[in-house]
Amino acid sequence: MSARRIALFGGVYGNRPALEAALADARAKDAEAVYFLGDVGGFGPHPDTAAKLLCDARVTCIQGNYDAAVAVGADDCGCGYSDRRDVRFAHIAYVYTLGHSSSEHRRWLGSLPPLGRITLGDRRLLLCHGSPRQVNEFLWETTTPTGLLERFCDGQGVDALCFTHTGLTWHRALPSGRHAINVGVLGRPANDGLPRVWYTLLTAGPELTVEFVPVVYDHESVARDVERAGLPPEFAETIRTGWWTTCLERMPVKERARGRY
Amino acid sequence: MNGLPVLGPTAQSAPRVAFRELRSVWFQITGTRCNLACRHCFNTSGPRDPWLSPLGVDVIRRHLAEAEALGVREVYLTGGEPLLHPDLFAIVESALRVAATTILTNGTLLGDGVADRLAALAAASSYSLELRVSVDGASAQEHDAARGDGTFAKALAAIRRLERRGLYPIVTATAPLEPTAPGALYDRLREALLAAGVSRPRIKILPMLALGRADAGAPTAPLGPADLDVLDPSRLQCTETRAVADGGIYACPILAGLPGARLARERIVETLGPTTLFHPVCRTCHETGLTCGNA
């Protein structure tokens, strides 16, 4: 029988305490299953223990661009930055993550599927990391046309598309009655000046209910672990303040204007 | 420009790449009409006798509708200087109904009134309106040598005007042909922008194209079939973009209007087959990868 309520997690980015808190929250909210849409590592200090927790909690996982890169030891994370500052910070995060990912962890990352198909009530859902056509495509709210989302749904034969990768939640009910949902990320806050992070609860019914759930966790401990790990202070600042300090190149102007940097 | 030939026999030995899907569409809305005549302009735009004419609003709207039906993600408005188009705001409004839209400008015509109108259009749309302002060099001396006296100060003023309205622009700089220390231009430009009171510098470095006024006459061999063996075709702009300019549809904004480059006269959908990398300037994209888009 199809589930009626599920939780969808986006990029953990090596932030194990946020993942722990989100798992507990989803259980408390009666989620029947948890799905993770990729990027176990990157940015945060705990890639390996986050991977172990996902496995232990029997979370169904989709592969993100970071996971694919770490699995094969690629040159970079595959986010495609060209801005010199972003390239430098992305490189630091990637080298750290690669160096703190066991061979067992990397094999597991390499085994993850790029797409997932599930049903929720009578709705067919596609789960992916970036977009159905490209693992590292950024589907921001203000640069993703409605017509393109309809085409994705048509092409995949689904009633809802669920994705992550940008780091910011959004939901659009499409004119056809279908849905596009960016589930957010657990690894870093939503560039809104608060340290909380977000996941998504979907509940089946006559209408699909999409709920973005804030997760408050011990962010200070993560910021201290970032510092102890020798990662840049800019990363710890984001964890503490909720404002993005790096990897801003791909963010469109409307989203960027809502942040501090 | 209707006398331009559709892609012809000269291209027979050039490599071809498959088209993937239409992700961006460029409109050369003012043709090659510009208020400046920059030293390195790849399409030789300028104030006198533009060799490509502007596009009318109706033509632009027709192609916007076609691009929307094809699933386009991004719209780019360029020229020449797009702010010279008499129907600029109507064009921007139409484009923002379809997708996120970017205007490429030299910033010298962007006063408070224009900035206010653009900010209002941006606020009225659910899609992002991006402005790209060209700044070539980290000082007035460098920039003005390429673009004309006083243009650096005007461009900086435009950037600050846009920032004040929340339209944080992308500053684009053309890398010099002569090799310099990696990142040197980026670092100097970032420092100069911060010093000038720009709070959130967004910087994009573009390669110099040996074309138009930047063509020093050094011979460049066109690509051959073997060149594609070492290339990921997804790095080529022509696998996912098309440009609408005077006379028809072209593979990319760099080739717009060039002899032999037109893929069709009327409809974008007729141009979505394999693209022939026939022009020597295709080597730049081959070497640097997809660069014309915002990111």
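Up top is the structure these notes are about.
Described in the following lines is the structure provided in the data block. Please read all numbers here as calculations on a predicted model, not as lab measurements.

### With respect to the interface of chain B and chain A
Then, in step 1: If you look at the interface, chain B gives 31 residues, while chain A gives 30 residues.
Then, in step 2: For chain B, the biggest contributors to the area lost against chain A are R73, Y127 and R200 of chain B; these three give 29% of the whole.
Then, in step 3: Applying the counting rule to chain B against chain A returns three salt bridges.
Then, in step 4: In this structure, the salt-bridge partner of E137 of chain A is R73 of chain B, at a minimum N-O distance of 2.9 Å.
Then, in step 5: Our count for the chain B to chain A interface comes out at 18 residue pairs in polar contact (both at pLDDT 80 or more).
Then, in step 6: Secondary structure elements with two or more residues in the side of chain B that touches chain A: α3 (112–124), β5 (129–134), α6 (184–195) and β7 (202–206) of chain B.
Then, in step 7: Broken down by class, the residue content of the side of chain B that touches chain A amounts to 17 nonpolar, six polar and eight charged.

### A few points about the pattern of salt bridges
Should the charged atoms of two oppositely charged side chains come close, the side chains can pair.
Residues and elements named next belong to chain B.
Then, in step 1: Enumeration over the complete set of coordinates arrives at 26 salt bridges over all chains.
Then, in step 2: For R62, the salt bridge identified is with E266, shortest N-O distance 3.4 Å. Taken as a pair, R62 in helix α1 (residues 57–69) and E266 in the loop between β10 (262–264) and β11 (275–276) lie far apart in primary sequence, 204 residues in all.
Then, in step 3: Looking at E266, the relative accessible area reads 45%, which means it is partly exposed.

### Notes on unusual backbone geometry
Then, in step 1: Residue G80 of chain B is reached from G79 of chain B by a cis peptide bond, and omega for that bond is 15 degrees.
Then, in step 2: With respect to the helices and strands, the residue G80 of chain B is situated in the loop between β3 (74–78) and α2 (88–98).
Then, in step 3: In the Ramachandran plot, F43 of chain A falls in the positive-phi region, its phi being about 80 degrees despite a non-glycine side chain.
Then, in step 4: Notably, R58 of chain A is not glycine yet its phi reads approximately 55 degrees, a positive angle.
Then, in step 5: Relative to the helices and strands, R58 of chain A is located in the loop between α2 (47–56) and β3 (60–61).

### Some points on the packing of helix α3 (residues 65–72) of chain A against helix α5 (residues 103–111) of chain A
All names here are of chain A.
Then, in step 1: Relative to each other, α3 and α5 sit at 130 degrees, their axes nearing to 8 Å. Classed by the angle they form, the pair α3 and α5 counts as oblique. Regarding α3 and α5, the two cross each other, and that crossing is left-handed. When α3 is examined against α5, the residues D67, V70, A71 and V72 are found in contact with a partner set consisting of R106, L109 and G110.

### Section: the environment of L131 of chain B
Residues and elements named next belong to chain B.
Then, in step 1: Checked against the element boundaries, L131 lands in strand β5.
Then, in step 2: Sequence-wise, L131 and G107 are 24 residues apart; in three dimensions their C-alpha atoms are separated by 9.3 Å.
Then, in step 3: If we ignore the near neighbours within four places in the chain, the residues touching L131 are I103, T105, L110, L118, L162, P169 and I170.

Conventions used here
Residues numbered from 1 in each chain as written. Chains lettered and ligands numbered in written order. Predicted model: local features only at pLDDT ≥ 70, side-chain atom pairs only at ≥ 80, totals over all residues. Heavy atoms only, no water. Contact = heavy atoms within 4.5 Å. Buried area = accessible area lost by both parts, 1.4 Å probe. Salt bridge = Lys/Arg side-chain N within 4 Å of Asp/Glu carboxyl O. Polar contact = N/O pair within 3.5 Å; in protein donor to acceptor, adjacent residues only side chain to side chain. Helix = DSSP H or I, 4+ residues; strand = E, 2+ residues; numbered from the N terminus. Nonpolar A, V, L, I, M, F, W, Y, C, P; charged D, E, K, R; others polar. Buried < 20%, exposed > 50% of the residue type's maximum accessible area, 1.4 Å probe, protein only. Axes fitted to C-alpha atoms, helices over the stretch in contact; angles between N-to-C directions. Parallel < 35°, antiparallel > 145°, perpendicular 65-115°, else oblique. Left-handed = near helix turned anticlockwise from the far one by under 90°.

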